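Listed below, chain by chain, are the residues.
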Amino acid sequence: MNIQSANELRSLFLRFFEEKGHARIPSASVIPENDPTVLFTTAGMHPLVPYLMGEKHPMGTRLTDVQKCIRTGDIDDVGDPSHLTFFEMLGNWSLGDYFKKEMIPWSWEFLTSKDWLGLDPDKLAFTVFEGDQDAPRDEEAANLWRAQGVKDDHLFYLPKKHNWWGPAGITGPCGPDTEMFIIRDQPPCGPDCSPACSCGRYLEIWNDVFMQYEKQADGTFVPLKQKNVDTGMGLERTYCVLMGAGTVYETEIFSGIIGKIEELSGRKYGQDPSPFASSPTTCVPLPSSSATTGA
Ligand code: SER
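This text gives an overview of the structure that appears in the document. Since we're looking at a predicted model, the values are computed, not measured.

## Concerning the pattern of salt bridges
Then step 1. Counting across every chain of the model gives 15 salt bridges.
Then step 2. Here Arg146 makes a salt bridge to Asp152, at a shortest N to O gap of 2.7 Å.
Then step 3. Relative accessible area serves as the criterion here: at 28%, Arg146 is assigned to the partly exposed category.
Then step 4. Residues joined by salt bridges that share partners form a network here, namely Lys100, Asp138 and Glu140.

## Structural notes on the pairing of strand β7 (residues 172–183)
Then step 1. Counting buried positions over the twelve residues of β7 gives twelve, a clear majority of the element.
Then step 2. Note: strand β4 (residues 124–129) against β7, four bridges, orientation antiparallel. Counterpart to Thr127 in the pairing with β7 is Glu179.
Then step 3. Across two bridges, strand β6 (residues 164–165) lies against β7 in antiparallel orientation. Of the residues in β7, the one forming a bridge with Trp164 is Pro176.

## Remarks on the site of the ligand
Then step 1. Lining the immediate environment of the ligand, one finds Ala43, Gly44, Met45, Arg71, Met89, Trp93, Trp165, Asn207, Val209, Asp230, Thr231 and Gly232.
Then step 2. In this structure, Asn207 approaches the ligand through a side-chain N or O atom, which is 2.8 Å from an oxygen atom.
Then step 3. One nitrogen or oxygen atom from the main chain of Gly232 is found 3.4 Å from a nitrogen atom belonging to the ligand.
Then step 4. Protein contacts shield 98% of the accessible area of the ligand, which totals 240 Å² for the unbound molecule.
Then step 5. Taken together, the elements giving at least two residues each to the shell around the ligand come down to β3 (86–94), β8 (202–215) and β9 (221–234).
Then step 6. Counted by class, the shell around the ligand contains six nonpolar, four polar and two charged residues.

## Re the environment of Asn2
Then step 1. Mapped onto the secondary structure, Asn2 falls in the segment before α1 (6–19).
Then step 2. Asn2 sits in the exposed class, given a relative accessible area of 59%.
Then step 3. For Asn2 and Asp115, which are 113 residues apart along the polypeptide, the C-alpha to C-alpha distance reads 9.1 Å.

## Points about the side chain of Asn92
Then step 1. Summarising the element assignment, Asn92 is placed in strand β3.
Then step 2. Since its relative accessible area comes to 0%, Asn92 is described here as buried.
Then step 3. In this structure the side chain of Asn92 is engaged in a polar contact, spanning 2.9 Å, whose partner is the side chain of Tyr98.
Then step 4. A distance of 2.6 Å separates polar atoms of two side chains, one belonging to Asn92 and the other to Thr231.
Then step 5. Ignoring anything within four residues of it in the chain, the contact list for Asn92 reads Phe13, Phe17, His22, Leu63, Thr64, Tyr98, Met103, Trp206, Val229, Asp230 and Thr231.

## Remarks on the pairing of β9
Then step 1. Taking burial as the measure, the 14 residues of β9 include ten buried ones, the bulk of the element.
Then step 2. Summarising the sheet, β3 and β9 pair through four bridges and their orientation is antiparallel. Each residue of the ladder has a partner; that of Trp93, found in β9, is Asp230.
Then step 3. Where β8 and β9 come together, nine bridges link them in antiparallel fashion. Within the sheet, the bridge partner assigned to Tyr213 lies in β9 and is Pro223.
Then step 4. The turn linking β8 back onto β9 is made up of five residues, and Gly219 within it adopts a positive phi angle of 90°.

Analysis parameters
Along each chain, the written sequence defines residue order, and numbers are assigned to residues from 1. Per-residue local features are limited, in this predicted model, to residues with pLDDT of at least 70; the limit for side-chain atom pairs, both in listing and counting, is 80 or more; totals at the level of whole chains, interfaces and linings are taken over all residues. As a rule here, side-chain values cover all heavy atoms of the structure and leave hydrogens and water aside. A pairing counts as a salt bridge when a side-chain nitrogen of Lys or Arg comes within 4 Å of a carboxyl oxygen of Asp or Glu. Each residue is placed in one exposure class: buried if its accessible area under a 1.4 Å probe, protein chains only, is under 20% of its type's maximum, exposed if it is over 50%, and partly exposed if it falls in between. Put simply, DSSP H or I for four residues or longer makes a helix, DSSP E for two residues or longer makes a strand, and each gets a number counted from the N terminus. In short, DSSP must find at least two bridges between two strands for them to pair. What makes a residue near a molecule or strand is one non-hydrogen atom of that residue sitting within 4 Å of it. Think of a polar contact as two N or O atoms within 3.5 Å of one another; within protein, one of them needs to be a possible hydrogen donor and the other a possible acceptor, and neighboring residues in sequence only count if both atoms come from side chains. Here the open area of atoms and residues is found with the Shrake-Rupley method and a 1.4 Å probe, where only the protein chains shown may cover a residue. Each residue is assigned to one of three groups, with Ala, Val, Leu, Ile, Met, Phe, Trp, Tyr, Cys and Pro labelled nonpolar, Asp, Glu, Lys and Arg labelled charged, and all others, Gly among them, labelled polar. In what follows, residue pairs with any heavy atoms lying within 4.5 Å of each other are defined as contacts.

Structure, rendered in structure tokens:
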């Protein structure tokens, strides 16, 4: 499928999952309602937490949406080629309905079929949870990828730090995930280069979270009443890949706002030096009197 605009990508994703029996639901507000655990909606799962925990959703057990998110946990990375504070997450949801054996073949189909994104399978890499004291090694997910034709040198087992999602706050639904990466045209940074590495060779575009645990306040994980699927495909990143753009900022999603900033500032994006280039690169410490009073 030849995608020409970010809106086509939104529509394609929603249509794919509607064809698989999902109901389309609108984005929730980026200001969470009745939830003191976070300041903003940080992920697609956030507005759906009660339904992942077992409450019945009025639209059924298969949902799809495009959720607006504000995420600040990785704010130090913002401004690199792929991290944003505000972004849209294309998502699909199984609320105690299907699980891994449906979701992984669907992810493969959406990514690689010529009817959908048509990405080159040789340019894709996948990670699965390597297992620890809280949950087993996810051989089921790995074998489902292998069954699609994924070779072992494109499949990586990673620890909780990389392949576990949630809870959105301190407690709540969470689980191991499998993540999908584009392999960019840049050589490995070393013999251990993998999707866990931040050199930029691997760009994550989608994750399938297998939400089957609830994290308790004491840090333990107990099985949820139902097994859920929560996926999140980054709209800006995936569109950047489809457009062959160098960074998420260099597509039509940002060209309007960048054009306006150019007009107001009289500077050209990517050409004129940053006005901050000559500023000190390290913080100037506050005088000790104000630092201690916080003034
Ligand atoms: N799949 C989501 C994410 O990656 C969690 O809802 O943010």
